[in-house]
Amino acid sequence: MGVVDMADNMRMRAQLKGEVTEVKVLMTHPMETGRRKNDFGDLIPANFIQLVSASINGEQVLEAQLGTGISKNPYLTFHLRGAKVGDVIKITWVDNLGKTGEGEIAVTAA
Amino acid sequence: MQRRKFIQFLFGAASLALLPARAFAAVWNAAAFQATQADAALTGLGVSKLKSSSLITVVAPDKAENGAVVQIEVTSNIPNTESIAILVDKNPTSLIAHFKFSHGADPFVVTRIKMAETSDVQAVIKADNQYFVAKKRVEVLENGCG
């Protein structure tokens, strides 16, 4: 099992490599800064993910606060120790407009 | 509907509305993220005295063709690292992201950021209530903030 599409708004992979589990996350989001203009010269309102939470088997491991300086479709890699094959990694995000997204994936052997 | 029932219904609706936010203990740090200068952003994060550290590695390209997507990797080898903040001095708002690690997460992160122009990228680490910094200059050939 490689990359799995958990939902329209997230792609995840979690692979155990030796002692470290490498988690890669790609969230689908426009990450609008609020400073960009459309073709008519109107400002496009800010719309960006502000908080991302990652947990393993329900226990939080990473808490990220993001600003408008994160690229469109935010990408993250992080490393966990002590995870086992089958452990469930869950990612949740919320943006400045209150919209949320989530995805989860089980750890696989590399 | 009886008054008591109605009030219970209101509380029920209110707690449902709060559900999506429950996963987040943190509140987005508006003061830090809206600051237009790196120093003000650091103040917003509660950073007081910053020391340079060779135990922090910042991997980023020397030259970025496109400032819209610049991949940054930060590793801290400072014992008891709690968090990593990434700042770009010359962006319209300097603070890019702030990562807090717990329960077996390594003090390591890879992400992709926007850069308005050539600038230092700063990685600020909190460990044992002290703050450490490492910088990497990235030359931006095409602005990515649009």
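Residues numbered from 1 in each chain as written. Chains lettered and ligands numbered in written order. Predicted model: local features only at pLDDT ≥ 70, side-chain atom pairs only at ≥ 80, totals over all residues.

Right, let's talk about the overall build of chain B for a bit. Summing up its helical and strand segments, chain B has three helices and nine strands in all. Each helix and strand of chain B, ordered N terminal to C terminal, gives the series α-α-α-β-β-β-β-β-β-β-β-β. Expressed as a percentage of its 146 residues, the buried residues of chain B come to 36%. For chain B, the proportion of contacts with a sequence separation of at least 24, taken over those separated by at least 6, is 66%. (Helix = DSSP H or I, 4+ residues; strand = E, 2+ residues; numbered from the N terminus. Buried ≥ 20, exposed ≤ 12 C-beta atoms within 10 Å, placed from the backbone. Contact = placed C-beta atoms within 7 Å.)

So, on to the overall build of chain A. The secondary structure content of chain A amounts to zero helices and nine strands. Shown N-terminal to C-terminal, the secondary structure of chain A runs as helices and strands in the order β-β-β-β-β-β-β-β-β. Projecting the C-alpha coordinates of chain A onto the three principal axes gives extents of approximately 50 × 25 × 20 Å. In chain A, which comprises 110 residues, the share counted as buried stands at 41%. If you take every contact in chain A between residues at least 6 apart in sequence, the share linking residues at least 24 apart comes to 54%.

Residues shown with low pLDDT carry predicted positions that ought not to be read at fine detail. Confidence in the prediction for chain A averages 92 pLDDT; 93% of positions are at 70 or higher. Counted against residues more than four places away or in other chains, residues 1–6 of chain A, with its pLDDT under 50, gives eleven contacts. (pLDDT = per-residue confidence, 0-100.)

Every contact between the two is made by 30 residues of chain A and, on the other side, 35 residues of chain B. For the side of chain A that touches chain B, the secondary structure elements donating two or more residues are strand 4 (49–56), strand 5 (59–66), strand 6 (75–81) and strand 7 (88–95) of chain A. Looking at side-chain class alone, the side of chain A that touches chain B contains eleven nonpolar, 14 polar and five charged residues. Bridging between strand 5 of chain A and strand 6 (residues 95–101) of chain B involves five bridges; their strand directions are antiparallel. (Nonpolar A, V, L, I, M, F, W, Y, C, P; charged D, E, K, R; others polar. Pairing = 2+ DSSP bridges.)

Before going further, it helps to examine the environment of G82 of chain A. Mapped onto the elements of the fold, G82 of chain A is located in the loop between strand 6 and strand 7. Remark: the alpha-carbon pair of G82 of chain A and I105 of chain A, spanning 23 residues in sequence, is separated by 16 Å.

Turning our attention to the environment of E22 of chain A. Residue and element names in this part refer to chain A. Assignment of secondary structure puts E22 in strand 3 (residues 20–27). Along the primary structure E22 and V107 are separated by 85 residues, whereas in three dimensions their C-alpha atoms are 9.0 Å apart. Sequence-distant contacts of E22, defined by excluding residues within four places in its chain, comprise Q15, K17, T77 and H79.

The next thing to look at is the nonpolar core. Counting 63 residues, the largest nonpolar core has I86 and L87 of chain B as its most contacted members. In contact with I86 of chain B, other than residues within four places in its own chain, are I72, V74, I96, A97, I113, V121 and A123 of chain B. (Core = buried A, V, L, I, M, F, W, Y, C linked by C-beta atoms within 7 Å.)

Backbone geometry at N57 of chain A places phi at a positive 50 degrees, although glycine is not the residue there. According to the C-beta neighbour criterion, N57 of chain A is partly exposed, with 14 such atoms within 10 Å. Although it is not a glycine, N129 of chain B sits at a positive phi angle of roughly 60 degrees. Following the sequence through the fold, N129 of chain B ends up in the loop between strand 8 (119–127) and strand 9 (130–140).

This part covers the confidence of the model for chain B. Mean pLDDT over chain B stands at 89; residues scoring 70 or higher make up 82%. Complex prediction metrics read pTM 0.87 and ipTM 0.91.

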